[in-house]
Amino acid sequence: MKFELNYKASPTLSTFHNSDAFFRGVKGPIGSGKSVGMCFELFVVMKSQAKSRDGIRRTRHIVVRNTAPELETTTLKTWLDWFPEEVFGKVNRKP
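Keep in mind that this is a model prediction, so the values were computed, not measured.

### Some thoughts on the packing of aromatic side chains
Scanning all chains against the criterion turns up 10 aromatic pairs. Taken together, the ring pairs in this structure connect F3, Y7, F40, F43, W79, W82, F83 and F88 into an aromatic cluster. The ring of F16 is capped by R24, whose NZ or CZ atom sits 4.3 Å from the centre of that ring.

In structure tokens:
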């Protein structure tokens, strides 16, 4: 299966991605690409994780929203739109 990721960061998100500050944040209006930018930031961090002896990269991250349903309908939906499970593997869902 051929799959391509075509992400182009806005100037604000490019600055965010290029920062190595311990604490970083980004804000903007609805629809400005913040969630997509954060998904790609997580993806880059995951890909930079060294593989263990069995060849698997093991990372843990937390994403927080106001409510669990909001997490499912917004953030997780955005993640799966860009990183479908049939290509990138199963997402573990924990309430």
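### Brief notes about the confidence of the model for the chain
Across the chain, the average pLDDT comes to 90, with 97% of residues at 70 or higher. Of all helices and strands in the chain, the one with the weakest mean pLDDT is helix 3 (residues 68-82) (91), whereas helix 1 (residues 11-18) scores best (94).

### Focus: helix 2 (residues 34-48)
End to end, helix 2 covers 21 Å across 15 residues, agreeing with the expected 21 Å (1.5 Å per residue, within 8%). Among the residues of helix 2, G37, C39, F40, E41 and F43 are the ones counted as buried. Next to the buried residues of helix 2 lie helix 1, helix 3 and helix 4 (85-88).

### Regarding a nonpolar patch on the surface
On the surface, F3, V87 and F88 cluster together into a nonpolar patch covering about 220 Å² of accessible area. Tracing the chain through its elements places F88 in helix 4.

### Here we look at the packing of helix 1 against helix 2
Between helix 1 and helix 2, the shortest axis-to-axis distance is 11 Å and the interhelical angle comes to 25 degrees. Between helix 1 and helix 2, the interaxial angle falls into the category roughly parallel. With respect to the hand of their crossing, helix 1 and helix 2 are arranged in right-handed fashion. Along its contact with helix 1, which presents L13, F16 and H17, the element helix 2 presents K34, G37, M38 and E41. Partitioned by chemical class, the residues of the contact of helix 1 with helix 2 number 3 nonpolar, 2 polar and 2 charged.

### Some points on the pattern of salt bridges
Scanning all chains against the criterion turns up 4 salt bridges. A salt bridge links E41 to R24; its shortest N-O distance comes to 2.8 Å. Highlighted residues: E41 in helix 2 and R24 in the loop between helix 1 and helix 2, separated in sequence by 17 residues. Judged by its relative accessible area of 13%, E41 falls in the buried class. Since its relative accessible area comes to 33%, R24 is described here as partly exposed. The partner of E70 in a salt bridge is R65, and the shortest N-O contact between them spans 3.1 Å. Relative accessible area serves as the criterion here: at 33%, R65 is assigned to the partly exposed category.

Cut-offs applied
Residues numbered from 1 in each chain as written. Predicted model: local features only at pLDDT ≥ 70, side-chain atom pairs only at ≥ 80, totals over all residues. Heavy atoms only, no water. Phe/Tyr/Trp six-rings, centres within 6.5 Å; stacked < 30°, edge-to-face > 60°. Lys NZ or Arg CZ within 6 Å of the ring centre and 35° of its normal. pLDDT = per-residue confidence, 0-100. Helix = DSSP H or I, 4+ residues; strand = E, 2+ residues; numbered from the N terminus. Expected span 1.5 Å × (residues − 1). Buried < 20%, exposed > 50% of the residue type's maximum accessible area, 1.4 Å probe, protein only. Contact = heavy atoms within 4.5 Å. Patch = residues over 30% accessible without salt bridge, like charges linked within 9 Å, V, L, I, M, F, W, Y side chains within 5 Å. Areas by Shrake-Rupley, 256 points an atom, 1.4 Å probe, with all protein chains shown as cover. Salt bridge = Lys/Arg side-chain N within 4 Å of Asp/Glu carboxyl O. Axes fitted to C-alpha atoms, helices over the stretch in contact; angles between N-to-C directions. Parallel < 35°, antiparallel > 145°, perpendicular 65-115°, else oblique. Left-handed = near helix turned anticlockwise from the far one by under 90°. Nonpolar A, V, L, I, M, F, W, Y, C, P; charged D, E, K, R; others polar.

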